[in-house]
Amino acid sequence: MPLALELLVHGVAGAGPDELLGDPRTVRVTGDSTAAVFRRAEDTDAEAHPERYAGRPVPEAYCWSRLTSGNGARALWLLLLPFMVANLAHWARPATSAAEPAPRAVRTYGVLVRMLALTLTVLLIAAACEVALDLFAWQCAASGTCSASRFGSRFGFLAPGGGWWAQPGRRLALAALVPTGLTGLLWYLSNRTWSAYESQPPPAGTADPDTAPDTAPALGRPGFWYGRRLVARLRAAHTTAGLLTVAAAVAAPTAAHDRRSGAPVLETLGCTLQSLLVAGGLTVACVICRRGRTEARADHRLERAAVTMLPGAGLALLAAALLYACWSRPGWTSAGRLPGDFAFGVLMLGQGACVLALGVIAAYLHRRVPDPAAALRGLGGPAVAMLGCALGGVMTGGVAQRVADWLDGAATPGMAGAPLPGPPVLLSWQAAVLPPLMLVLALLAAWFAGRTARARCRLAGTVAAEYPGEEPDQDRSRRIAGARAAAALTDSAPWFVGAVSGITLLLGAGALAGAWLTGRVPGEAARGSGPLLESAARAAQDTGSWLVGLGFVLFVTWGRRAYRDPAARRTIGILWDVGTFWPRAAHPFAPPCYAERAVPDLTWRMTAWTGRTGGRLVISGHSQGSVLAAAAVWQLPPEVRRRVALLTYGSPLGRLYGRWFPAHFGPGPLTALHRDVDCWRNLWRATDPIGGPVLPGARQAVDRGPLADPVAYGRSTRHPLPAPILCHGDYQADPAFAAERGALLARLAATGGPDRGTADGAGPARATAHGPDRGAPDPRDQDPAGAALPAPRFSREPAAPADPPGTTG
């Protein structure tokens, strides 16, 4: 009999090869220090001695944890969280179908998300300009009190009368090096990770575009995990946008002074430079909107004109702006704020308009192809986009607020008597709405906690009945019921996110209206309106400023700890790994997509091993590893897929990915995957907060569960010590795991791959579908409603997927 291989793929928190293989003596078979395949030392020559492995597969582990964790320095990636969330919004659009493709709506959705992502880049660089140019170079350097108290004599050359650099335009040009350096850093990080992640080609012949059907699911297309061309183009556009933002921040106040001073030559130069900056901005917008992802084939070509000439032109315009600002203007003095209120307001207004437009298109797409399981009835993408904008506003505005508070000493920026005007009024309004938002979040959390407590009490009365012959124990029942109730919170997460997004949109609109209508910070705008309202506005402004600063510090600190402490990493690991699973289709400065390295790795390994040995292979994925496993199986050519079985456990494929990303993991694509890979079983528990059924209610029985957790209710001769509640871990310890793995291998051995010749899978494969007891269904093999799941059907006809080609936006 041919050799069998079990390829284990771990999930979040990254178990080591010794833990996955259950042996401290492991050997790296292939790969590098970032991601590699390992075997036990005794199994390295398994292909030469297949007789040793009769009746059992050779275990092999693919370890990819360093793609997302690595050293503590990668905690800085958390600063790019708004970019990652915006990128998620691209993939969270509703599903379409071959009959209802709606290509224009899908393309418009993609364009809106890319434009929203561009505004986040401009917002970040504008915030850096606000701190460096406005607060430091324009306001503090012009105030002898501020510069002397905070910097002493170190920056005395910038103060009035300090020398050549004392003129406002030259101070602005010097301070512009800070946001320019930030733009260069973002370009460098994106370019470095682009070379390591987005440039991993698929194996030759896999998912051949010339033989693949036009109705292939998106994740099965050859170019899906090869985003080299798109990310290079987006990186050039966003880098140019950052450089143009810095140039505009320097040129706008300089040109305004020249118009007031009546110098015709300088005024003409200023108008010409601003016109060129506007033309550059329109060019960047055209590059962003022109085309999205190319997935039909792995596109190796780069658009050299856009990749090289566009940033070069932006750099040239920035240099021209700096030279223009350095021109001698002896009578120029800086006072007040730089003209940033209008710019921040336009950015915020544009982001709100994009989110609302996304909501309209998402509702239209969902109405054409309804999916009851989709998050927020198809509005998951717009809700996620709103959160990305809110995070960007809080992080960037928070830095400006805290710097202004530090420079002002005991005073409050923007209030009467403060030595400095402070940051733009809109940023103070944004900080002021944070305390009401936190109050709403606390109320929502309390409501969900109360609902969970009620669910635990309701479930506790039925737990003991699931273990016949056991003596009821109230404390034990409450612990088990509590684990199930807490796990069920995952299913309520979309409505929590929707409520937070909706409230954030309303509060943001109120902040924008307050800033534009009053032109003053909240504490000043409420002056004279009554003691209660005035005190509330002042308290909200001060509290919001401190909350933003404290939250930013805690965010960075927690992020660094999370990438050094495995226990802390598990707390945020699932959200982070979900976010960086997707290619950078909208924002090139988002953290890199580890799947563009991991999926080709797995595809290469499965294709090479089955082609070399002709053996059977079970790819076994836990948690996030099950998503990587499914994505890799989608990429296999049909002749390889017939020798591969898929075993998933604790899998978020249906529960998280299917709900939030229905276009790629909804019922249509997952049903198509099951029909292409007949040998697929999924194990899940009711106590698991992450994993769940992947195709609930399907006639083809993929899911087995809920598995008993704990395996024993109380002490017995077989279990003399209390059995733990495993929740999301240790699926391999359950007897169902070995049974299902053996059944999958037996299916492959009996047919030499999935049998496409029979419609119902009759014969040996059908007899081995449910593990050791083939005569009767396992009592644990039931759906959540308690009905026995039907025996799996091995279909021969291909599925019609939910997402036609060429509609990824």
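## Remarks on the overall build of the protein chain
Now for step 1: Counting its regular elements, the protein chain contains 26 helices and eight strands.
Now for step 2: Looking at the 809 residues of the protein chain, the share that counts as buried comes to 56%.
Now for step 3: If you take every contact in the protein chain between residues at least 6 apart in sequence, the share linking residues at least 24 apart comes to 79%.
Now for step 4: Of the roughly 32,500 Å² of accessible surface on the protein chain, 63% is carried by carbon and sulfur atoms.

## Here we look at the pairing of strand β6 (residues 644-649)
Within a regular strand, side chains alternate between the sheet's two faces.
Now for step 1: Counting buried positions along β6 gives six out of six residues, so the element sits mostly inside the fold.
Now for step 2: Neither face of β6 is open: one carries V644, L646 and T648, the other A645, L647 and Y649, and all of them are buried.
Now for step 3: The sheet contact formed by strand β5 (residues 616-622) and β6 spans six bridges and is parallel. Note on β6: the bridge partner recorded for V618 is A645.
Now for step 4: In terms of strand pairing, β6 meets strand β7 (residues 680-685) through four bridges, oriented parallel. Counterpart to L647 in the pairing with β7 is R681.

## Looking at the sheet that holds strand β8 (residues 703-707)
Now for step 1: An order of β2-β3-β4-β1-β5-β6-β7-β8 is seen for the eight strands of this open sheet, with the pairing classed as mixed. For this open sheet the edge positions go to β2 (26-31) and β8, each flanked by a neighbour on one side alone. The mean inter-strand angle of the sheet, taken between neighbouring strand axes irrespective of direction, is 20 degrees.
Now for step 2: On the sheet, helix α20 (residues 624-634) packs against β1 (4-9), β5 and β6 and is oriented at approximately 140 degrees with respect to β5.

## Overview of the confidence of the model for the protein chain
Now for step 1: Overall, the prediction assigns the protein chain a mean pLDDT of 84, with 84% of residues at 70 or greater.
Now for step 2: In this model residues 207-213 is a low-confidence stretch, pLDDT under 50, and it forms nine contacts with partners more than four residues away in sequence or in other chains.
Now for step 3: Here residues 753-807 scores under 50 on pLDDT; set against residues more than four positions off or in separate chains, the count is 128 contacts.

## What about the environment of M309?
Now for step 1: By the secondary structure assignment, M309 is in helix α9 (residues 304-325).
Now for step 2: Residue classification places M309 among the exposed positions, given a relative accessible area of 59%.
Now for step 3: Separated by 69 residues in the primary sequence, M309 and T240 have C-alpha atoms spaced 9.8 Å apart.

## Things to note about the pattern of salt bridges
Now for step 1: Here the structure, examined in full by the defined rule, presents 21 salt bridges.
Now for step 2: Residue R52 pairs with D45 through a salt bridge whose shortest N-O separation is 3.5 Å.
Now for step 3: Given a relative accessible area of 30%, D45 falls into the partly exposed group.
Now for step 4: One salt bridge connects R704 with E740, and the closest N-O pair in it is separated by 2.8 Å. Here the residue R704 occupies a position in strand β8, and E740 occupies one in helix α25 (residues 735-751), the gap between them amounting to 36 residues.
Now for step 5: You can call E740 buried: its relative accessible area is 0%.
Now for step 6: One continuous salt-bridge network, built from bridges that share partners, spans D23, R25, R40, E42 and D43.

## Let's talk about the packing of aromatic side chains
Now for step 1: Counted according to the given criterion, the structure contains 22 aromatic pairs.
Now for step 2: On the basis of an interplanar angle of 55 degrees and a centroid distance of 4.9 Å, the ring pair of W582 and F661 is categorised as tilted. Placement of W582 in the loop between α18 (566-579) and α19 (595-613) and of F661 in the loop between α22 (653-660) and α23 (662-665) is noted, with a sequence separation of 79 residues between them.
Now for step 3: For W582, a relative accessible area of 1% gives the class buried.
Now for step 4: Given a relative accessible area of 5%, F661 falls into the buried group.
Now for step 5: The cationic tip of R235 hangs over the ring face of W194; the distance from NZ or CZ to the ring centre is 4.7 Å.
Now for step 6: When the ring centre of Y324 is taken as reference, the NZ or CZ atom of R329 above it lies at 4.9 Å.

## Let's talk about the side chain of S190
Now for step 1: You can see S190 is positioned in helix α6 (residues 177-198).
Now for step 2: Take S190: its relative accessible area is 1%, and that puts it in the buried class.
Now for step 3: One polar contact links the side chain of S190 to the main-chain carbonyl oxygen of P588, over a distance of 2.9 Å.
Now for step 4: Setting aside anything within four residues of it in sequence, one finds S190 in contact with V231, R235, R584, P588 and F589.

## Observations regarding the packing of helix α11 (residues 380-408) against helix α15 (residues 493-518)
Now for step 1: Between α11 and α15, whose axes approach to 9 Å, the crossing angle comes to 55 degrees. Overall, the two elements α11 and α15 adopt an arrangement that is oblique. As α11 runs across α15, the sense of the crossing is left-handed. Counted together, A383, M386, L387 and A390 of α11 and V497, V500, S501, T504 and L505 of α15 form the full contact between these two elements.
Now for step 2: By residue class, the composition of the contact of α11 with α15 is seven nonpolar, two polar and no charged.

## Some words on the pairing of strand β4 (residues 58-63)
Now for step 1: Of all the six residues making up β4, six are buried; the element is thus mostly covered by neighbouring parts of the structure.
Now for step 2: Residues V58, E60 and Y62 line one face of β4 and the alternating positions P59, A61 and C63 line the opposite face, and both faces are buried.
Now for step 3: Judged from the five bridges that link them, β1 and β4 form a sheet pairing that is parallel. Its bridge partner lying in β4, E6 is registered against P59.
Now for step 4: In the sheet, strand β3 (residues 36-40) pairs with β4 via three bridges, with the strands oriented antiparallel. Counted as the bridge partner of F38 is A61 from β4.

## A word on the state of the cysteines
Now for step 1: Scanning all chains against the criterion turns up zero disulfides.
Now for step 2: Distance from the sulfur of C389, which forms no disulfide, to the nearest cysteine sulfur (C354) is 7.8 Å.

## Overview of the nonpolar core
The tendency in soluble globular proteins is for nonpolar side chains to be buried as a group.
Now for step 1: Counting 158 residues, the largest nonpolar core has Y62, F581, I619, L628 and F665 as its most contacted members.
Now for step 2: It is helix α3 (residues 103-140) that contributes the most residues to this core, 21 residues altogether.
Now for step 3: Leave out the neighbours within four places in its chain, and F581 touches W225, C593, Y594, A595, Q624, V627, L628, A631, Y657 and F665.
Now for step 4: Counting residues in hydrophobic clusters, the runner-up holds 21 residues, among them A4, L20, L21 and A61.

## Section: α9
Every α-helix winds through 3.6 residues per turn, so residues three or four apart in the chain are directed the same way.
Now for step 1: Under the 1.5 Å per step criterion, the end-to-end length of α9 is 31 Å for 22 residues, consistent within 8% with the ideal 32 Å.
Now for step 2: For α9, every residue scored as buried is listed here: A306, V307, L310, P311, G314, L317, L318, A321, L322, Y324 and A325.
Now for step 3: Against the buried residues of α9 lie α5 (168-175), α6, α7 (228-261) and α8 (264-290).

## Here's the deal with α11
Now for step 1: Here α11 spans 41 Å end to end across 29 residues, near enough to the 42 Å set by a 1.5 Å rise per residue.
Now for step 2: Positioned one or two residues after α11, G409 has a phi angle of 70 degrees, which is positive.

## So, unusual backbone geometry
Now for step 1: Cis peptide bonds are those with omega within 30 degrees of zero, and the linkage from G705 to P706 qualifies with 0 degrees.
Now for step 2: Among the structural elements, P706 can be located in strand β8.
Now for step 3: A cis amide bond links D709 with the next residue in sequence, P710, at an omega value of 5 degrees.
Now for step 4: Among the secondary structure elements, P710 is positioned in the loop between β8 and α25.

## Considering the environment of V106
Now for step 1: The topology assignment puts V106 in helix α3.
Now for step 2: A residue is classified by how much of its surface remains accessible, and V106, at 1% relative accessible area, is buried.
Now for step 3: A sequence separation of 10 residues divides V106 from T96, and the C-alpha atoms of the two residues are 8.7 Å apart.

## Considering the environment of D688
Now for step 1: Relative to the helices and strands, D688 is located in the loop between β7 and β8.
Now for step 2: Sequence spacing of D688 and L726 is 38 residues, and the spatial spacing of their C-alpha atoms is 8.1 Å.
Now for step 3: Here the side chain of D688 touches I690 through a polar contact of 2.9 Å, landing on its backbone nitrogen.
Now for step 4: At 3.1 Å, the side chain of D688 and the backbone nitrogen of G691 are in polar contact.

Calculation criteria
- Residues numbered from 1 in each chain as written.
- Predicted model: local features only at pLDDT ≥ 70, side-chain atom pairs only at ≥ 80, totals over all residues.
- Heavy atoms only, no water.
- Helix = DSSP H or I, 4+ residues; strand = E, 2+ residues; numbered from the N terminus.
- Buried < 20%, exposed > 50% of the residue type's maximum accessible area, 1.4 Å probe, protein only.
- Contact = heavy atoms within 4.5 Å.
- Areas by Shrake-Rupley, 256 points an atom, 1.4 Å probe, with all protein chains shown as cover.
- Pairing = 2+ DSSP bridges.
- Axes fitted to C-alpha atoms, helices over the stretch in contact; angles between N-to-C directions.
- pLDDT = per-residue confidence, 0-100.
- Salt bridge = Lys/Arg side-chain N within 4 Å of Asp/Glu carboxyl O.
- Phe/Tyr/Trp six-rings, centres within 6.5 Å; stacked < 30°, edge-to-face > 60°.
- Lys NZ or Arg CZ within 6 Å of the ring centre and 35° of its normal.
- Polar contact = N/O pair within 3.5 Å; in protein donor to acceptor, adjacent residues only side chain to side chain.
- Parallel < 35°, antiparallel > 145°, perpendicular 65-115°, else oblique.
- Left-handed = near helix turned anticlockwise from the far one by under 90°.
- Nonpolar A, V, L, I, M, F, W, Y, C, P; charged D, E, K, R; others polar.
- Disulfide = S-S within 2.5 Å.
- Core = buried A, V, L, I, M, F, W, Y, C linked by side-chain atoms within 4.5 Å.
- Expected span 1.5 Å × (residues − 1).

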